[in-house]
Amino acid sequence: MTLRLPIYLDYNATTPVDPRVLEAMLPYLRDKFGNAASRTHSFGWTAADAVTKAREQIADLIGADPKEIVFTSGASESDNIALKGCMERYADKGDHLITASTEHKAVLDTAEYLQKIGLKVTILPVDNFGQVHPDQVEAAITPRTVLISVMLANNETGVLHPVKEIGEVAEKHGVIFHCDATQAVGKLPVDVKDMHIHLLSMSGHKIYGPKGVGVLYARSRNPRVRPTPVIHGGGHEQGMRSGTLNVPGIVGMGMACELCRKEMKEEIPRVRNLRDRLEKGILSALDEVYVNGHPVDRLPTTTNISFKYVEGESIMMAMEDVAVSSGSACTSASLAPSYVLHAMNVPEFLAHASIRFSLGRFTTEEEIDYTIGKVIKAVNRLREMSPLFEMAQKGIDIEKIQWKDDRGH
Ligand SMILES: *Cc1c(COP(=O)(O)O)cnc(C)c1O
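Residues numbered from 1 in each chain as written. Predicted model: local features only at pLDDT ≥ 70, side-chain atom pairs only at ≥ 80, totals over all residues. Heavy atoms only, no water.

Please clarify how the site of the ligand should be interpreted in this entry.
Around the ligand there are 13 residues in total, and Ser76, Asp180, Gln183, Ser203 and Lys206 lie nearest to it. A distance of 2.9 Å is found between an oxygen atom of the ligand and a backbone nitrogen or oxygen belonging to Ala75. Expressed as a share of its isolated accessible area of 380 Å², the protein-covered part of the ligand is 87%. With three residues, helix α3 (residues 75–89) is the single largest residue contributor to the shell around the ligand. (Near = heavy atom within 4 Å. Polar contact = N/O pair within 3.5 Å; in protein donor to acceptor, adjacent residues only side chain to side chain. Areas by Shrake-Rupley, 256 points an atom, 1.4 Å probe, with all protein chains shown as cover. Helix = DSSP H or I, 4+ residues; strand = E, 2+ residues; numbered from the N terminus.)

Got a minute to help me understand the sheet that holds strand β6 (residues 176–180) in this structure?
In sheet architecture, strand pairing relies on hydrogen bonds along the backbone and comes in two forms, parallel and antiparallel. Pairing within the open sheet is mixed, and its seven strands lie in the order β2-β8-β7-β6-β5-β3-β4. Among the strands making up the open sheet, the edge pair consists of β2 (69–72) and β4 (120–124). For this sheet, the mean inter-axis angle between neighbouring strands, taken without regard to orientation, is 20 degrees. Across three bridges, strand β5 (residues 145–149) lies against β6 in parallel orientation. Paired with Leu147 across the bridge in β6 is Ile176. Of the strands in this sheet, β2, β7 (199–203) and β8 (214–218) are in contact with helix α2 (residues 42–62), which crosses β2 at around 110 degrees. Running over the sheet, helix α6 (residues 163–172) touches β5 and β6 and is turned about 160 degrees from β6. (Pairing = 2+ DSSP bridges. Axes fitted to C-alpha atoms, helices over the stretch in contact; angles between N-to-C directions. Contact = heavy atoms within 4.5 Å.)

For this particular structure, what's the right way to read the pairing of strand β13 (residues 354–358)?
Consecutive residues of a regular strand have side chains that alternate between opposite faces of the sheet. Among the five residues in β13, five count as buried, and that is most of the element. Residues Ser354, Arg356 and Ser358 of β13 are buried on one face, and the alternating residues Ile355 and Phe357, pointing to the opposite face, are buried as well. Sheet topology note: the strand β10 (residues 302–307)/β13 ladder contains five bridges and is antiparallel. Across the sheet, Thr303 pairs through a bridge with Phe357, a residue of β13. As paired strands, strand β12 (residues 325–326) and β13 are joined by two bridges and run antiparallel to one another. Residue pairing in the sheet places Ser325 in a bridge with Arg356 of β13. (Buried < 20%, exposed > 50% of the residue type's maximum accessible area, 1.4 Å probe, protein only.)

I would appreciate a short explanation of the environment of Val146 in the present structure.
Take Val146: it is sitting in strand β5. Its relative accessible area of 1% is what places Val146 among the buried residues. Taking the C-alpha atoms as reference points, Val146 and Ile176, 30 residues apart in sequence, are found 6.2 Å from one another. When sequence neighbours within four positions are dropped, the list of residues in contact with Val146 reads Cys86, Met87, Tyr90, Lys93, Gly94, Asp95, His96, Val175 and Ile176.

Explain the domain arrangement of the protein here, please?
Accessible area lost on assembly of the parts is the figure often given for the size of an interface. Each domain of the protein was delimited in the assignment, giving domain 1 (7–12 + 264–396) and domain 2 (19–259). Between the C-alpha centres of domain 1 and domain 2 the distance comes to 30 Å. Taken residue by residue, the interface counts 28 residues in domain 1 and 32 residues in domain 2. Considering only the side of domain 1, the residues that lose the most area to domain 2 are Met264, Tyr339 and Arg361, jointly responsible for 26% of the buried surface there. (Domains from an automatic or database assignment. Buried area = accessible area lost by both parts, 1.4 Å probe.)

So what exactly am I meant to see when it comes to the pattern of salt bridges here?
Opposite charge on two side chains allows them to pair when their charged atoms are near. Applying the stated criterion to the full structure yields 20 salt bridges. In this structure, Glu258 engages Lys262 in a salt bridge whose closest nitrogen and oxygen atoms are separated by 2.4 Å. A residue pair is termed a helical-turn pair when its members lie 3 or 4 positions apart in one helix, as Glu258 and Lys262 do in helix α7 (residues 247–285) at four residues. Its relative accessible area of 17% is what places Glu258 among the buried residues. Counted as one network, the salt bridges with shared partners bring together Asp18, Arg20, Glu263 and Arg361. (Salt bridge = Lys/Arg side-chain N within 4 Å of Asp/Glu carboxyl O.)

Where do I start with the sheet that holds strand β9 (residues 289–292) in this structure?
Spatial strand order, β9-β10-β13-β12: four strands in an open sheet with antiparallel pairing. With partners counted over all chains shown, the strands left at the sheet margins are β9 and β12, one partner each. Most of the contacts of α7 go to β10, to which it runs at about 10 degrees, and overall it touches β9, β10 and β13. On the sheet, helix α11 (residues 365–385) packs against β9, β10 and β13 and is oriented at approximately 20 degrees with respect to β10.

Given below as structure tokens:
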């Protein structure tokens, strides 16, 4: 098989739509265009039937009941509804939210907003592996705690949190547990009942579905969780999210979930082998290379590697035909290193030197071998040119150097 360039190893940012997903969607962009809320004719019924089927496909993947599936525009919106909607709905119970320092910005920025309007927010630190511990969560709970929000898999490192144990702590104290499982759903078995998850966020475009569609799972009993809406309107989705349903997107997300469920058992070991091959290939050829995150509790698709003495940005530029992302350029135009790696106590010079490789359904062994070669070549070349590397070769401890940031501090 010939290698097609460029190679995509940024599946945690977004995934291509699986051709089978696209096929399932097309009729709903063409003649089956009805509004799922139209009750008076077959156009509406056809659309509503498709939405019903998608709810079942999605519920099946996460061990939920179809009526617990709320369609949204994506995981950012789901996170917003979970946090804002619960803190508002259960305001009579308290005003305290607990979350963690390595959450996605959709959770952290929402928490910051809630704090600004007067709520109490605890942001738990993570350990050097990037994990939050259930006993930390328990110690942070007060009689005023309404909600705990901890993600399942981190998008930058793939690190998995002990979500089931955190869910048990939440239930023991009668606190609602929200889990942003956007990176884990479809890649690992997720069961909302087994994991004691009351609210769960997921997104279509991270699992080979289309962009602009997501789900909030909201538990219907034990406990029944009903966040207030962020978007008000026609009362769709049991009043939790108004707006005409994105039927083609929903059909695509349903098919995407069905494919993940059916193929997960074969796909997990396949992609884990490729990820391990990539890590071994790089680590065996280069010195002073470090994998960030937990060695075992990690998504099988993801590796985040720091290459001491070189900038992640430079590595990315040196291997143009491999699409990856860097811990120094993640969320914005800022050059501040990743807050996720910072929270894990990864030193700044290693955070700046990090690359996230995220693999997926269409990643092949040829692509991985090509990437290994490119990385080794790029890093060796950059190190030859690097003043830091040169200093280190002369025995200077670069970790002791005092850096100035770009504002001169
Ligand atoms: C991608 C991602 C989101 C945001 O999802 P959108 O559907 O793009 O809004 C939220 N949380 C995590 C962990 C993600 O990886």
